[in-house]
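Spelled out from the first residue to the last, the chains are:
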Amino acid sequence: MNTLTQFASPQLALLHRGKVRDSLRAPSGDRLIIVTDRLSAFDSVLETAIPHKGAVLNGLASFWFEKTAHIIPNHVIKLVDANAMLVKEAEPIKVEMIVRQYLTGSMWRGYQEGQRTFSGVTVPDGLTKNQPFPQAIVTPTTKEESDREITPESLVSEGWVTKELYDQMAVKAQMLFAVGSQLLAGKGIILVDTKYEFGLLNGKLILIDEMHTPDSSRFWAAEDYARNPETAEQMDKEYVRQWLIANKKDGQYPRALTPEVAQEASRRYLDIYKRIVGQPLPTAETEAADAPHTGRQDTRARLLANLVQAGLIQDAWVSIVMDSPADKEYCEEIRRQFDGYGVFTQLRVASAHQNGEAIAGMAEIWNNSIEPGVIIAVAGLNNGLGGALAANVNVPVISCPPYKDYAELALNLNSSVIMPSGTPSLTVVRPDNAAQGALRALNLPRLRERLNKDMLATKAKLRAADEEFKTL
């Protein structure tokens, strides 16, 4: 299936990898949020991704941020791609503001066990499952490794927020919930409960993260609730949760979904999007012809094209990895050969013999990078670097051993050329040829066109020289 399970790029520093979202530092200093198709259930990320899920969450969050900007500013700068959003870097407030209109979920389970006070809010006896409250209530929790219920007074006394700030958050959360409930009611959907997250930007309260999505909210179909309030089915990932429960074996939930379950989950996410927004998710219109450069049928290709168009990354990278900092000048010489080609380059240091374990962390990014890349290994005597890299990465590796004279070259060349099976490291002697080899290995149409022009220019110079010299 065409899904986005992880995002990585040597060009963007990873700030945080959550259950669904990957956050990275944009060149501007802002935050780039990539919403993947990963699905979490019962505090675990499943092995099976759900097609279009990330685009649904990102699209709905963008929709709601725009609809509620008059209530409170939010962190959105722009929607870069169906799965990507560029946002302002705010200081997150480690409190989740949960707003509830109905007695259901974890609150109902606690109520059944005799609990009557939830995060400082007391509810009466005699309530039934899925019964609405006279008015929505706010039950905050802390954002910790294990979130916990907490009263507003304790949030203040424990130093999470000031009373003034909490009061602002509570008022805004109720206003957001009211707008969401009203809009969804007109579409036959009940907003049962949801969570809001806030941050501070230049000392002012703003809305961050996501809002009113199937992952942050509970939805019921109004007609379903009207038929039987106690059996109303959630219009979100509850379908997957129930399948996992039904297929639990030896106390363990399945780690993967069947193709049929994943497809049905995808259909439900897309249906929620269409009902809320009023039109189908554009990137899910697989019946339509694939327009040039949209990559509609390929999530990763489309995402890459849009990130490049937004100026957030280059369309390719080259990592020049040296065995020792002593080779920095030689690596800089290689790096200069890429000037004018529009390729991202970086210098890295890793010794196959002295800190080979560092290669695994680098390889994790290289192997999952959204864009194509090439590695150039710079190591001399007993060159184990090129082989170590080639054995652990899925991109081309070119060894370019440094040398001071031909005697040293002969020694270094021997250790670079002779590699065991399964370590396909190529070897090039000259720094300019290493760069030219890397450009060709990237195999991008724009680079091939540029290389054609370079070759024609070289031929033209040679012809001009020939015309000049033949008359001498």
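None of these values were measured; they are calculated from a predicted model.

Our focus in this paragraph is the domain arrangement of the protein chain. The domain architecture assigned to the protein chain consists of domain 1 (92-272) and domain 2 (317-453). One C-alpha centre belongs to domain 1, the other to domain 2; they are set 50 Å apart.

Another point: the state of the cysteines. Across all of its chains, the model carries 0 disulfides by this definition. Sulfur of Cys331: no disulfide; nearest cysteine sulfur belongs to Cys400 and is 8.7 Å away.

Look at helix H1 (residues 53-67) against helix H7 (residues 259-277): their axes get within 9 Å of each other, and the N-to-C directions meet at 20°. Taken as axis vectors, H1 and H7 run roughly parallel relative to one another. Crossing hand, H1 versus H7: left-handed. Where H1 abuts H7, its residues Lys53, Val56, Leu57, Gly59, Leu60, Phe63 and Trp64 lie against Tyr269, Leu270, Ile272, Tyr273, Ile276 and Val277.

Ordered in space as E17-E16-E18-E19-E20, the 5 strands form an open sheet in which the pairing is parallel. Single-partner strands in this sheet number two, and they are strand E17 (344-349) and strand E20 (425-427). Looking at each pair of strands side by side, their axes are set apart by 25° on average, direction ignored. Across the face of the sheet, helix H9 (residues 328-336) comes into contact with strand E16 (317-322), E17 and strand E18 (373-378) while running at roughly 165° to E17.

With respect to the helices, strands and loops of the structure, Thr213 is situated in the loop between strand E14 (204-208) and strand E15 (217-221). Beyond its immediate sequence surroundings of up to four residues, Thr213 is in contact with Leu57, Leu60, Ala61 and Phe219.

Next up on the list: the pairing of strand E2 (residues 21-25). A regular strand carries its side chains on alternate faces of the sheet. Burial runs high along E2: 4 of the 5 residues are buried. Judged from the 4 bridges that link them, strand E1 (residues 13-17) and E2 form a sheet pairing that is antiparallel. The residue bridging His16 from the neighbouring strand is Ser23, located in E2. Relative to strand E3 (residues 31-35), E2 is paired through 5 bridges, and the arrangement is antiparallel. Each bridged residue has a counterpart across the sheet, and for Ser23 the counterpart in E3 is Ile33. Here E2 hands over to E3 after 5 residues, with Gly29 in that stretch at a positive phi of 95°.

Inspection of the secondary structure assignment puts Arg38 in the loop between E3 and strand E4 (40-41). For Arg38 and Thr48, which are 10 residues apart along the polypeptide, the C-alpha to C-alpha distance reads 7.3 Å. One polar contact links the side chain of Arg38 to the main-chain carbonyl oxygen of Lys19, over a distance of 2.9 Å.

The phi angle at Asp250 is positive, at roughly 50°, despite the residue not being glycine. Here Asp250 is to be found in the loop between helix H6 (238-246) and H7. Positive phi, normally seen in glycine, also occurs at Asn443, with a value near 60°. Here Asn443 shows up in the loop between helix H13 (431-442) and helix H14 (445-469).

This part covers the pattern of salt bridges. Two side chains carrying opposite charge are able to pair once their charged atoms lie near each other. A complete count under the given rule lists 27 salt bridges for this structure. Across the pair Arg17 and Asp22 runs a salt bridge whose closest N-O atoms are separated by 2.8 Å. The partly exposed category is assigned to Arg17, whose relative accessible area is 34%. Note on Asp22: relative accessible area 0%, which makes it buried. With a closest N to O distance of 2.9 Å, Glu210 and Arg21 form a salt bridge. Placement of Glu210 in the loop between E14 and E15 and of Arg21 in strand E2 is noted, with a sequence separation of 189 residues between them. With relative accessibility at 15%, the residue Arg21 sits in the buried group. Residues joined in a network through salt bridges with shared partners are Glu96, Lys143, Lys195, Glu197 and Asp209.

The nonpolar side chains of a soluble globular protein tend to be buried, and buried together. Residues Met97, Met169, Tyr196, Phe198, Leu257 and Ile276 are the most contacted members of the largest nonpolar core, which totals 60 residues. Discounting residues that sit within four places of it in the chain, Ile276 has contacts with Leu60, Phe63, Trp64, Leu184, Lys187, Ile189 and Phe219. Counting residues in hydrophobic clusters, the runner-up holds 24 residues, among them Val318, Tyr341, Val378 and Leu447.

So, about the sheet that holds strand E6 (residues 76-81). If you trace the 5 strands from one edge of the open sheet to the other, you get E1-E2-E3-E7-E6, paired in antiparallel fashion. Each edge of the open sheet carries a strand with a single partner, namely E1 and E6. Within the sheet, the average angular offset between the axes of one strand and its neighbour, ignoring direction, is 25°. Against the sheet, H1 contacts E2, E3, E6 and strand E7 (84-87), and its axis sits at roughly 40° relative to E7. Strands E3, E6 and E7 of the sheet are contacted by helix H8 (residues 299-309), whose axis makes an angle of about 130° with E6.

Parameters and conventions
Residues numbered from 1 in each chain as written. Predicted model: local features only at pLDDT ≥ 70, side-chain atom pairs only at ≥ 80, totals over all residues. Heavy atoms only, no water. Domains from an automatic or database assignment. Disulfide = S-S within 2.5 Å. Axes fitted to C-alpha atoms, helices over the stretch in contact; angles between N-to-C directions. Helix = DSSP H or I, 4+ residues; strand = E, 2+ residues; numbered from the N terminus. Parallel < 35°, antiparallel > 145°, perpendicular 65-115°, else oblique. Left-handed = near helix turned anticlockwise from the far one by under 90°. Contact = heavy atoms within 4.5 Å. Pairing = 2+ DSSP bridges. Buried < 20%, exposed > 50% of the residue type's maximum accessible area, 1.4 Å probe, protein only. Polar contact = N/O pair within 3.5 Å; in protein donor to acceptor, adjacent residues only side chain to side chain. Salt bridge = Lys/Arg side-chain N within 4 Å of Asp/Glu carboxyl O. Core = buried A, V, L, I, M, F, W, Y, C linked by side-chain atoms within 4.5 Å.

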